[in-house]
Amino acid sequence: QAQLVESGGGLVQPGGSLRLSCQASGSRFSIYVMGWYRQAPGKPRELVAAITSGGSTNYPDSVKGRFTISRDNAKNTVYLQMNSLKPEDTAVYYCATPGAGYGLRSLGSPSPTWSWGQGTQVTVSS
C-alpha cells in the first residue's frame, strides 16, 4: 500500500491561491487513480478533484473552474492548484488512492482501507 504525504497548506486571503502536493511512495503510482478530498468541521468528507492514471480529471461543481488536479508520474506526485479561494474552502485536505485496478467512479465511495495522507490544513480568511 502506498504511503502518501501532503504538503502546501496554509492561511490565505479570499481570492488567493495555494498549491497542494501529495507525494507517494512505491513504484506503482503511475497506475493509480488519485483523489483530493476535504473535510471541514462538522461536515462529511468531500471529493474535490480526481485524476486517472491517464490524466482524465473530474471535479464537483463547487470547485469546477477554480481547482485543477494534475500529476507528475516521474515524481510520484499529484498536485491540487486552488485559485479564487473562498472562506468555504477552509478544511483539512487529504489525498487518497484505492490502489491499482480502480477507476474514477470508485473515488465517490472512499474507504478507510485505502491509502490516505495525513492531511494538510487550508484556511481561507481575511
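Rules of the game
Residues numbered from 1 in each chain as written. Predicted model: local features only at pLDDT ≥ 70, side-chain atom pairs only at ≥ 80, totals over all residues. Heavy atoms only, no water. Buried < 20%, exposed > 50% of the residue type's maximum accessible area, 1.4 Å probe, protein only. Helix = DSSP H or I, 4+ residues; strand = E, 2+ residues; numbered from the N terminus. Pairing = 2+ DSSP bridges. Contact = heavy atoms within 4.5 Å. Axes fitted to C-alpha atoms, helices over the stretch in contact; angles between N-to-C directions. Disulfide = S-S within 2.5 Å.

A. Highlighting the pairing of strand β4 (residues 34–39). Burial analysis of β4 places 5 of its 6 residues in the buried class, which makes it a mostly covered element. Relative to strand β5 (residues 46–51), β4 runs antiparallel, the two being bridged by 5 bridges. Looking at the pairing, Tyr-37 lines up with Leu-47 of β5. One ladder, built from 5 bridges, connects β4 with strand β9 (residues 91–97); its direction is antiparallel. When the sheet's bridge partners are listed, Tyr-37 is paired in β9 with Tyr-94.

B. Spotlight on the environment of Ala-50. Residue placement: Ala-50 occurs in strand β5. By relative accessible area, which is 2% here, Ala-50 ends up buried. The spacing of Ala-50 and Val-78 is 28 residues in sequence and 10.0 Å in space, taken between C-alpha atoms. With residues up to four places along the chain from it excluded, the contact list for Ala-50 reads Met-34, Gly-35, Ser-56, Thr-57, Asn-58, Ile-69, Leu-104 and Leu-107.

C. Quick peek at the sheet that holds strand β8 (residues 77–82). Strand order in the open sheet made by the 4 strands is β1-β3-β8-β7, with antiparallel pairing throughout. Two strands lie at the open edges of the sheet, namely β1 (4–7) and β7 (67–72), each paired on one side alone. Across the sheet, the axes of successive neighbouring strands diverge by a mean angle of 15°, strand direction being ignored. Pairing analysis gives 6 bridges linking β7 to β8, with the strands arranged antiparallel. Residue pairing for β8: Ile-69 is matched across the bridge by Leu-80.

D. Layout of the state of the cysteines. Here the structure, examined in full by the defined rule, presents 1 disulfide. Here Cys-22 pairs with Cys-95 through a disulfide, and the sulfurs are 2.0 Å apart. Taking the sign of the torsion about the S-S bond as the criterion, the disulfide between Cys-22 and Cys-95, at about 65°, is right-handed. In this pair, Cys-22 is assigned in strand β3 (residues 18–24) and Cys-95 in strand β9, connecting sequence segments 73 residues apart. An identical accessibility class is assigned to Cys-22 and Cys-95; each is buried.

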